[in-house]
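Chains, contacts and geometry: an overview
One-letter residues, chain by chain:
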Amino acid sequence: MPMSFFVSRQSKIGDVAALVGTTPRAIRHYHDMGLIPEPGRGGDGRRRYGFQDVVRLLWIRKMADAGIALDDIREAFTTTVAGTGTGTGESEGDGIEATLAQLEEALAAQEAELARQRARVQRMRAEGSRMGLLSEAVTRRLKNLPEGSLRQADLDTLLVTERIFGPLGATVQASRFIALATHPELRAESDRVDTAEEALDDTVAVDDPRVAETAAQRHAFEKTLMTMIEESGIAEDEAALLDTLDTAHPEDAEDTPEPDAKDGGMSAFEAVTKLPHDFSPARVRCAELAQELAIRD
């Protein structure tokens, strides 16, 4: 292109904004942030921009489009050694390179997290939204059960258990729901005892005979349930899975809450004490009596 094509002049902010692909308002914001120096003004009092200003604005736009925050762009530009002049010198390029390296590292971390999130969403879609919320180890134990045999309350309980005790704890508790799902008579008896416990509301005194009676029923049911788990082979499946969980599926271990976790990490005991419940004093006493019977056995 012949040099005569270029006209030696300075441009108004609207023309420069159109050329760069931004807006006058954005350019004024760049001035306020210190990303680009205030240019001189013409006889009409309006800003006038030169060729190097256009170059600077293009740098800013390209870097912003790459996902670099304006504050980071300003920091990259201000690392230039005094005397680089145009703002695109070699020293400033070093500052930009450092910023780009940091951005690439951050994007790689985001990409890895997105991949993990996508894998979780895919598993939730494949297993069902509630089943897929549980860790893979627990899901594997439950996925071959008869359709409709698991209740929403079963999965909700496992979700809370996994949050407090991790996949190992939920894997152990899954044995209970497998037994209930595969033995209708156990499920019916479980419902009957649950109903009896729910009847111990705030109108029932802790020394009411029904409290001790219901505790005995709970204890008898739990003994029957544990016997069924042992005799049906469910316990063996549980033990085999626990033996291989840590080595074969380390991703499950990552979901186990740690004491110093940022999302309110605490010990399992502390977490249990913070769980909300609406148990009446009579029902709490019933649970205590059932536990005493279990210890006595």
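For the structure, check the block above.
Residues numbered from 1 in each chain as written. Predicted model: local features only at pLDDT ≥ 70, side-chain atom pairs only at ≥ 80, totals over all residues. Heavy atoms only, no water.

1. Section: the overall build of the chain
- Broken down by element type, the chain carries 14 helices and zero strands.
- When the elements of the chain are put in sequence order from the N terminus, they spell out α-α-α-α-α-α-α-α-α-α-α-α-α-α.
- A burial count over the chain gives 33% of its 297 residues as buried.
- The contacts of the chain with a sequence gap of at least 6 include a subset with a gap of at least 24, amounting to 63%. (Helix = DSSP H or I, 4+ residues; strand = E, 2+ residues; numbered from the N terminus. Buried < 20%, exposed > 50% of the residue type's maximum accessible area, 1.4 Å probe, protein only. Contact = heavy atoms within 4.5 Å.)

2. Notes on the pattern of salt bridges
- Taken as a whole and judged by the stated rule, the model has 18 salt bridges.
- A salt bridge links Arg-74 to Asp-71; the nearest nitrogen and oxygen atoms lie 3.1 Å apart. Pair noted here: Arg-74 and Asp-71 are both in helix H4 (residues 70-78), with a separation of three residues, about one helical turn.
- Overall, the relative accessible area of 29% leaves Arg-74 in the partly exposed class. (Salt bridge = Lys/Arg side-chain N within 4 Å of Asp/Glu carboxyl O.)

3. Quick notes on helix H9 (residues 184-198)
- Look at H9: 21 Å from first C-alpha to last across 15 residues, which is about the 21 Å you get at 1.5 Å a residue.
- Among the residues of H9, Leu-186, Arg-187, Ser-190, Val-193, Ala-196 and Glu-197 are the ones counted as buried. (Expected span 1.5 Å × (residues − 1).)

4. Details of a negative patch on the surface
- On the surface, Glu-230, Glu-231, Glu-236 and Asp-237 cluster together into a negatively charged patch.
- Those elements that provide at least two residues to the negative patch are helix H10 (209-231) and helix H11 (234-248).
- With respect to the helices and strands, Asp-237 occurs in helix H11. (Patch = residues over 30% accessible without salt bridge, like charges linked within 9 Å, V, L, I, M, F, W, Y side chains within 5 Å. Areas by Shrake-Rupley, 256 points an atom, 1.4 Å probe, with all protein chains shown as cover. Lys, Arg positive; Asp, Glu negative; His and termini not counted. Charge placed at Lys NZ, Arg CZ, Asp CG, Glu CD.)

5. A few points about the nonpolar core
- Formed by 22 residues in total, the largest nonpolar core has its most connected members in Val-138, Leu-142, Leu-150, Leu-158 and Leu-225.
- Going through the elements one at a time, helix H7 (136-142), helix H8 (152-182), H9, H10 and H11 are the ones with two or more residues in this core.
- At nine residues, H8 tops the list of elements feeding residues into this core.
- Apart from residues lying up to four places away in sequence, Leu-150 is in contact with Met-131, Leu-142, Leu-145, Leu-155, Phe-177, Ala-181 and Arg-187.
- With 19 residues, the next largest nonpolar core counts Ala-17, Met-33, Leu-35 and Leu-57 among its residues. (Core = buried A, V, L, I, M, F, W, Y, C linked by side-chain atoms within 4.5 Å.)

6. A look at H8
- Compared with the 45 Å implied by 1.5 Å per residue over 31 residues, the 16 Å span of H8 between its first and last C-alpha is markedly short.
- The axis of H8 is deflected most strongly, by about 135°, at Phe-165, and proline Pro-167 appears within four residues downstream. (Bend = angle between axes of the 7 residues up to and from the residue.)

7. Focus: the packing of helix H2 (residues 24-33) against H4
- The N-to-C vectors of H2 and H4 enclose an angle of 55°; their axes lie 11 Å apart at closest approach. Between H2 and H4, the interaxial angle falls into the category oblique. Note on packing geometry: the crossing formed by H2 with H4 is right-handed. Where H2 abuts H4, its residues His-29, Tyr-30 and Met-33 lie against Leu-70, Asp-71 and Arg-74.
- Residues that form the contact of H2 with H4 fall into these classes: three nonpolar, one polar and two charged. (Axes fitted to C-alpha atoms, helices over the stretch in contact; angles between N-to-C directions. Parallel < 35°, antiparallel > 145°, perpendicular 65-115°, else oblique. Left-handed = near helix turned anticlockwise from the far one by under 90°. Nonpolar A, V, L, I, M, F, W, Y, C, P; charged D, E, K, R; others polar.)

8. Structural notes on the layout of surface pockets
- In this structure, the largest pocket encloses a volume near 1600 Å³.
- Thr-157, Gln-173, Arg-176, Phe-279 and Arg-283 are the residues nearest the centre of the largest pocket, which is lined by 39 residues in total.
- Mapped by element, the contributors of at least two residues to the lining of the largest pocket are H8, H9, H10 and helix H14 (281-296).
- For the lining of the largest pocket, the leading source of residues is H8, giving 12 residues. (1 Å grid on protein atoms, 1.4 Å probe; cavity = no way out; pocket = protein on both sides within 12 Å on 5 of 7 lines; lining within 4 Å. Points joined across faces, edges and corners; volume = space filled by probe spheres on them.)

9. What about the environment of Leu-242?
- Tracing the backbone shows Leu-242 in helix H11.
- Placed 74 residues apart in sequence, Leu-242 and Leu-168 show a C-alpha to C-alpha distance of 7.0 Å.
- In contact with Leu-242, not counting residues within four places along its chain, are Leu-168, Thr-171 and Val-172.

10. So, the side chain of Arg-48
- Relative to the helices and strands, Arg-48 resides in the loop between H2 and helix H3 (51-65).
- For Arg-48, the contacting residues outside a window of four places in its chain are Gln-10, Ser-11, Lys-12, Pro-39, Gly-40, Arg-41, Gly-42 and Asp-53.

11. Describing the environment of Ala-199
- Examined against the element boundaries, Ala-199 turns out to sit in the loop between H9 and H10.
- Using a relative accessible area of 41% as the deciding quantity, one classes Ala-199 as partly exposed.

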